[in-house]
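A closer look at the structure
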Amino acid sequence: MAAAIAPVSRGFLQRYAIVILAVVLLAVLPLSLDIFRLGLAAKYLSLAFCAVGIVLIWGYGGILSLGQGVFFGLGSYMMAMFLKLESTGADTSAQALSSFFGSNLPDFMVWNSVEQLPWWWEPFHHVWFTIPAILILPPVVAFVLSYLNFRRRIGDVYFSIITLAFSAILAIVIIGQQGVTGGVNGITDFRTFMGINLDPDNVKIAMYYITCVLLLVCVLIGTFILRSRLGKVLVAIRDREDRVRFSGYDPALFKAFIFAVAALFSSIGGAMFTLQVGLASPSLVGITPSIEMVIYAAVGGRLSLVGAVYGAMLVGAAKTFFSENFVEFWLYLIGGLFIVIVMFLPHGLAGLLDKLPGAKRHRLAALPGPEPDAAGQAAGERPAARLAGEVGGGK
Amino acid sequence: MSENILSVEDLTVSFDGFRAVDSLNFYVEKDELRCVIGPNGAGKTTLLDMICGKTRPTGGSIRFKRFDLTDMLEYQITRVGVGRKFQNPSVYEDLTVFENLEISYPKRRGLMGSLFFKRDADLLAKIDEVSERIFLHEVLRHKAGQLSHGQKQWLEIGMLLMQDPELLLLDEPVAGMSAKEREQTASLLNAISKGRSIVVIEHDMAFVRMIAHKVTVLHQGRMLAEGTMDQVQADERVKDVYLGH
């Protein structure tokens, strides 16, 4: 059979998807891209954190959030506040303006005649506050806000609109409160993180690797959650929330939890973005970027954590390519790409795997050597398999 | 006289002025298998909805053992030992039969508990036993969405058995089943009624006769008659209501 001689089977790609992703991120990309392109990849990968979270909440939890930019923004801004205060403290040339006015405030505060550092900036002098805050604050905010909504059984569509509103509100607040947030320019112009200069190539490469490792950890955490009983409950909630209550679960709690996990991922992505791109900007908080993040997940396949990473990279790369080569109308090309993928690949890139030849039976017969999970597969296909046997084989 | 496990007193619910259930008193004893019959719109399903928390009563009280169910949330009512099967079989179609049963296992239903849940021998033994009982042992690995209508009904009963409730509320459990499947279900219900109380809503009188200890007839939200199948069938008012339709 033709299917039997397919060089790579669907099962292989699915089973080793995370390993393959790790190889691509940690070896293929760094070896094949120059430092400028690698920087771009790092930027897309920072956004991929949000896409991975969206797969969890949307693909498996059935919650379409149009507000992941909020949590990306929180992480990004908290990191930027720390970096800005650090560079303000260090007497670099970038702070010449501040020192000229005899002020030790960040430059944009000086321009805006802010005379005292706002109290909520103060703790961001300290790294021991900043990093825990990036990891804790966004998930807590996400949990509380979403739990209140889910507990009142706000419908899915209404919740999407509420998240949309949050991303709009945060962007508007940031732009409006220019004196303490940097306004539409965002917070930028910082060079060091805890005394480490962020500019040299080797630091950039190190940052890229840190981003990749963190991203892979997020994918692994997501995989762990989806494989757990909690993951099954989540799918059950997505498909029949009403029934789940009568299985003895509180769906609101589970939905809020997964929403908080996605917020955590987004926040980490935001912080890594700021470290590498050197910017926290309201343009990454509002509605447009939030929807773009959903597109990453849709392109990658909304049921595939790994697919979301490829989706973010592909859309990011397409944006760069189109904008470099078709300056006038690149946005239309991005839109066209999205439409084509949604129309022809409803399960995104991950859905391509399903089009690969190689049903399970053929694969077992075709692959030479021991198939690592052959026993488990066989058990799965044997209809009357006894459970006792499957404890060892299937799981 | 054995004790009542469920006491529904003066229960009333109105939807826009229409009293679907009207000052109803309804008691179920321990280990009893009760059938509730009545014409469409008699309030049968609404009664079960209120017991399991799906619908809030406008008045009256529902006591289950020592719990007042009136103000409890659905999942809390489930956790104290009330299981509900819906009229249309409600199973998780995207999960396998095995996973449907596993998810219903009444342990570790909190957030962290379910995140770090490990399948143990107890669980597997229980799934083995339940799936055998509901005639689905052969299809444990199939997605629930692939099952026939009758098999979904069984699966939902099985999900309730996993929960091991003391009170089972079954809404038309044999709807859409063949004659043979009905018989199998009747013997299943008779078998599982040992050690727990069951309330069944059913239209199929032959089926009711096979399982009921006692029958309650509802009509327009009120109790019309209650007694053994023979007593109820001999009741003139019951005849009127059924013949009138």
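Above this text you will find the structure in question.
Read on for an overview of the structure.

The rules behind each value
Counting starts from 1 at the beginning of each chain's written sequence and moves along it residue by residue. For naming, the first written chain is A and the first written ligand is 1, with later ones following in the order written. Per-residue local features of the predicted model are confined to residues with pLDDT of at least 70, and side-chain atom pairs are confined, for both listing and counting, to 80 or more; whole-chain, interface and lining totals are unaffected and use all residues. For side-chain calculations, the full set of non-hydrogen atoms in the structure is used, while hydrogens and water are omitted. Here, two residues are considered to be in contact whenever any of their heavy atoms come within 4.5 Å of each other. A 1.4 Å probe defines the accessible area here, and the buried area is the portion of it lost by two parts on being joined, summed over both. By definition here, a salt bridge exists when the distance from a side-chain nitrogen of Lys or Arg to a carboxyl oxygen of Asp or Glu is within 4 Å. Under this definition, polar contacts are N or O atom pairs within 3.5 Å; protein pairs additionally need one hydrogen-donor-capable and one acceptor-capable atom, and for neighbouring residues in sequence, both atoms have to be side-chain atoms. A run of H or I in DSSP becomes a helix once it reaches four residues, and a run of E becomes a strand once it reaches two; helices and strands are each numbered from the N terminus. Throughout, the ten residues Ala, Val, Leu, Ile, Met, Phe, Trp, Tyr, Cys and Pro are labelled nonpolar, Asp, Glu, Lys and Arg are labelled charged, and all others, Gly among them, are labelled polar. The pairing criterion is simple: DSSP has to find at least two bridges between the two strands. Comment: axis = line fitted to C-alpha atoms, over the contacting stretch for helices; angle = value between 0 and 180 degrees taken between N-to-C directions. For this analysis, a nonpolar core means a set of buried residues of the types Ala, Val, Leu, Ile, Met, Phe, Trp, Tyr and Cys, connected via side-chain atoms within 4.5 Å. Residue exposure (1.4 Å probe, protein chains only): buried if accessible area is under 20% of the type maximum, exposed if over 50%, otherwise partly exposed.

The next thing to look at is the interface of chain B and chain A. Counting residues at the interface gives 45 residues for chain B and 34 residues for chain A. Of the roughly 3500 Å² buried where chain B meets chain A, counting both sides, 60% is carbon and sulfur surface. A per-residue breakdown of the area chain B buries against chain A is headed by Tyr-92, Leu-111 and Leu-115 of chain B, which together make up 19% of the total. Taken together, the links from chain B to chain A amount to five salt bridges. Salt-bridge contacts for Glu-156 of chain B lead to Arg-243 of chain A; the nearest nitrogen and oxygen are separated by 3.1 Å. Between chain B and chain A we count 18 residue pairs in polar contact (both at pLDDT 80 or more) in total. Among the elements of the structure, helix H2 (74-79), helix H3 (97-103), helix H4 (111-115), helix H5 (121-133) and helix H6 (149-163) of chain B are those that each provide at least two residues to the side of chain B that touches chain A. A breakdown of the residues in the side of chain B that touches chain A according to their chemical character gives 21 nonpolar, seven polar and 17 charged.

On to the sheet that holds strand S9 (residues 214-219) of chain B. Residue and element names in this part refer to chain B. Spatial strand order, S6-S7-S8-S3-S9-S10: six strands in an open sheet with mixed pairing. Looking along the sheet, the strands with just one partner apiece sit at the ends: strand S6 (82-85) and strand S10 (222-227). Adjacent strand axes in the sheet meet at a mean angle of 20 degrees when their direction is disregarded. In this structure, strand S7 (residues 167-171) lies alongside strand S8 (residues 197-201), joined through five bridges in parallel fashion. Considered in S8, the bridge of Leu-167 is made with Ser-197. Contacting S6 and S7, H6 crosses the sheet at an angle of about 175 degrees to S6.

Glancing now at the nonpolar core. Leu-25, Trp-121, Tyr-208 and Val-309 of chain A together with Leu-101, Ile-134 and Leu-155 of chain B are the most contacted members of the largest nonpolar core, which has 159 residues in total. Take this core: its biggest share by element is 16 residues, from helix H3 (residues 35-60) of chain A. Residue contacts for Tyr-208 of chain A: discarding those within four places in its chain leaves Leu-25, Leu-29, Pro-30, Leu-38, Ala-41, Ala-42, Leu-45 and Gln-276 of chain A. In this structure, Leu-48, Met-72, Ile-77 and Leu-169 of chain B belong to the second largest nonpolar core, which totals 32 residues.

By themselves, these figures tell us nothing about what the structure is for.
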